[in-house]
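Okay, here's what each chain looks like letter by letter:
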Amino acid sequence: MPNSVWNGALSLGLVVVPVRLYPAIQKKTVRFRELDRGGRRVRHVRVSEPEVEPEPMDWGLGFRAIDHRSGPTPGLTARQESASIELPFEEIRKGFEVAPGQYVSMTRQEVATLAPERSRVIDVQQFVDVGAVDPIYFESRYYVVPDREWSSPFRVLRQAMAAADRMAIAWFTLRSRRYLCVVRPFGDVMLLTTMVHADEVQKADFWIPDADSAPSEKELRMARLLIDTLSGPFEPERYPDEYRERVLQAIAEKSPSEAAESATPSPTRVLDLMAALEASVKAAKAARGEQDRQAKPRSRRSRGA
């Protein structure tokens, strides 16, 4: 079991249930380190950005070849030469760019005083229908697990929320940041999902030609037929991360692998819409039949096992 990232209490009015939060998602992105040609690890250092001043123009007819690998670079000031020296951590401040190249500087202590007050409470504000919040607001996910001696009141709350088909809107503080979140039943535990705020969601303000024009009834019937043909239960194992699998396979073989370029599908023109819908329905039915035929032998093997 992973380590908990937060422990406190779930508070609903006068009802307080001690709980812990555990990461619900474990990203499996393949990460590479930077190496030099000799295979040694490359590390980044903190240095000041040099203030480059224009060099005086030389109108002479002679030109000099300069080897930058030996000795100081001509034309650089002492401040520019010192820019390559790594800065100690305590000398680095926080800066917010208010205009190109202009920053408001603050110390780490000044930023820390602005952090929200520490809290060990998931403070429920209201309950809403499970489908009331658009997924565009959702961010990170955590399992809400009760302390062992508090499993009974936790179970009552979870089952009551599930029966009412409700989820809670709440506030909680994690790592010096206050989060808006939703809490809803999820199996035997609950799921807490942090949310972005309303002013962080970009408006879908795009101009689409003929957006108000109505499609024909025949086009709508064919589109609905295609949707119904492709509909079914969500099975996440059917959608593996094929890119990550290819990368891991290439690493295992210790040989370079050229990623196949994904071709951008051609857009469907209005005149070809009906033909494309009909062809899509036929292809979807054929694919669904093939999936069902492949699933039957697997189900027989699983029963035989």
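1. Considerations on the environment of S11
Then, number 1: Inspection of the secondary structure assignment puts S11 in strand 1 (residues 6–12).
Then, number 2: A relative accessible area of 12% means that S11 is categorised as buried.
Then, number 3: Placed 159 residues apart in sequence, S11 and A170 show a C-alpha to C-alpha distance of 9.2 Å.
Then, number 4: Apart from residues lying up to four places away in sequence, S11 is in contact with V16, V121, I122, D123 and V124.

2. With respect to the nonpolar core
Then, number 1: Counting 22 residues, the largest nonpolar core has I122, F172 and L192 as its most contacted members.
Then, number 2: Every element with two or more residues in this core is listed here: strand 1, strand 2 (15–23), strand 5 (121–129), strand 6 (138–146), helix 3 (151–164), strand 7 (166–174), strand 8 (177–186) and strand 9 (189–195).
Then, number 3: In terms of residues, this core owes the most to one element, strand 7, which gives 4 residues.
Then, number 4: In this structure, I122 is in contact with W6, A9, L10, S11, V19, L21, A170, W171, F172, V183 and L192, ignoring residues within four places of it in sequence.
Then, number 5: Among the nonpolar cores identified, the runner-up in size contains 7 residues, and V128, V133, M167 and I169 belong to it.

3. Concerning the pattern of salt bridges
Then, number 1: If you walk through the whole model with that rule in mind, you get 5 salt bridges.
Then, number 2: Of the charged contacts in the structure, one is a salt bridge between R40 and D36, with a shortest N-O distance of 3.1 Å.
Then, number 3: Taking the relative accessible area as the measure of exposure, R40 reaches 55% and is therefore exposed.
Then, number 4: A relative accessible area of 31% means that D36 is categorised as partly exposed.
Then, number 5: The partner of R244 in a salt bridge is D241, with the nearest N and O atoms 3.6 Å apart.
Then, number 6: For D241, a relative accessible area of 37% gives the class partly exposed.

Cut-offs used in this document
Residues numbered from 1 in each chain as written. Predicted model: local features only at pLDDT ≥ 70, side-chain atom pairs only at ≥ 80, totals over all residues. Heavy atoms only, no water. Helix = DSSP H or I, 4+ residues; strand = E, 2+ residues; numbered from the N terminus. Buried < 20%, exposed > 50% of the residue type's maximum accessible area, 1.4 Å probe, protein only. Contact = heavy atoms within 4.5 Å. Core = buried A, V, L, I, M, F, W, Y, C linked by side-chain atoms within 4.5 Å. Salt bridge = Lys/Arg side-chain N within 4 Å of Asp/Glu carboxyl O.

Function-wise, these values are silent; they only describe arrangement.
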